[in-house]
Amino acid sequence: MEVKKEIRIEDKKTNLTLENRKRLILSGVVEVISFNEDQIMLNTLLGSLTVKGEGLKMNKLDVQNGEVIIIGTVNSCVYTGSEAKKDKESIIAKLFK
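Only a predicted model underlies this, so the values are computations on that prediction, with no experimental measurement involved.

> Tell me about unusual backbone geometry, and name the residues and values.
The phi angle at Asn-20 is positive, at roughly 55 degrees, despite the residue not being glycine. Its identity is not glycine, yet Arg-21 carries a phi of approximately 55 degrees, on the positive side. Turning to its location among the elements, Arg-21 is positioned in the loop between β1 (16-19) and β2 (23-27). Here Arg-21 falls in the partly exposed class, since its relative accessible area comes to 42%.

See below:
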């Protein structure tokens, strides 16, 4: 009898490793929203991630394990979403106490 271990989202790790601005290794990726050679948008466990640069290509995409490798010149990585929303909700909640 096999016992399946349930993995919660909080237990999964999310890593972002940038090597010489030429190779970006990501884990914790849920889905790829859109991509072209100037911008790649991803949903991660920590919110939406936008990667901007030049000549961007997805070298590896492993949806099952949530791993993505992007090659090209990376100019910026910006997270938006769940973490920012939590801060806004707490400020509004504080105002109405």
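There is more to say, and it comes next.
> Describe in detail the side chain of Thr-50, supporting the description with residues and values.
Here Thr-50 is to be found in strand β5 (residues 47-62). Once you skip the residues sitting within four places of it in the chain, Thr-50 turns out to touch Gln-39, Ile-40, Met-41, Ser-76, Cys-77 and Val-78.

About the thresholds
- Residues numbered from 1 in each chain as written.
- Predicted model: local features only at pLDDT ≥ 70, side-chain atom pairs only at ≥ 80, totals over all residues.
- Heavy atoms only, no water.
- Helix = DSSP H or I, 4+ residues; strand = E, 2+ residues; numbered from the N terminus.
- Buried < 20%, exposed > 50% of the residue type's maximum accessible area, 1.4 Å probe, protein only.
- Contact = heavy atoms within 4.5 Å.

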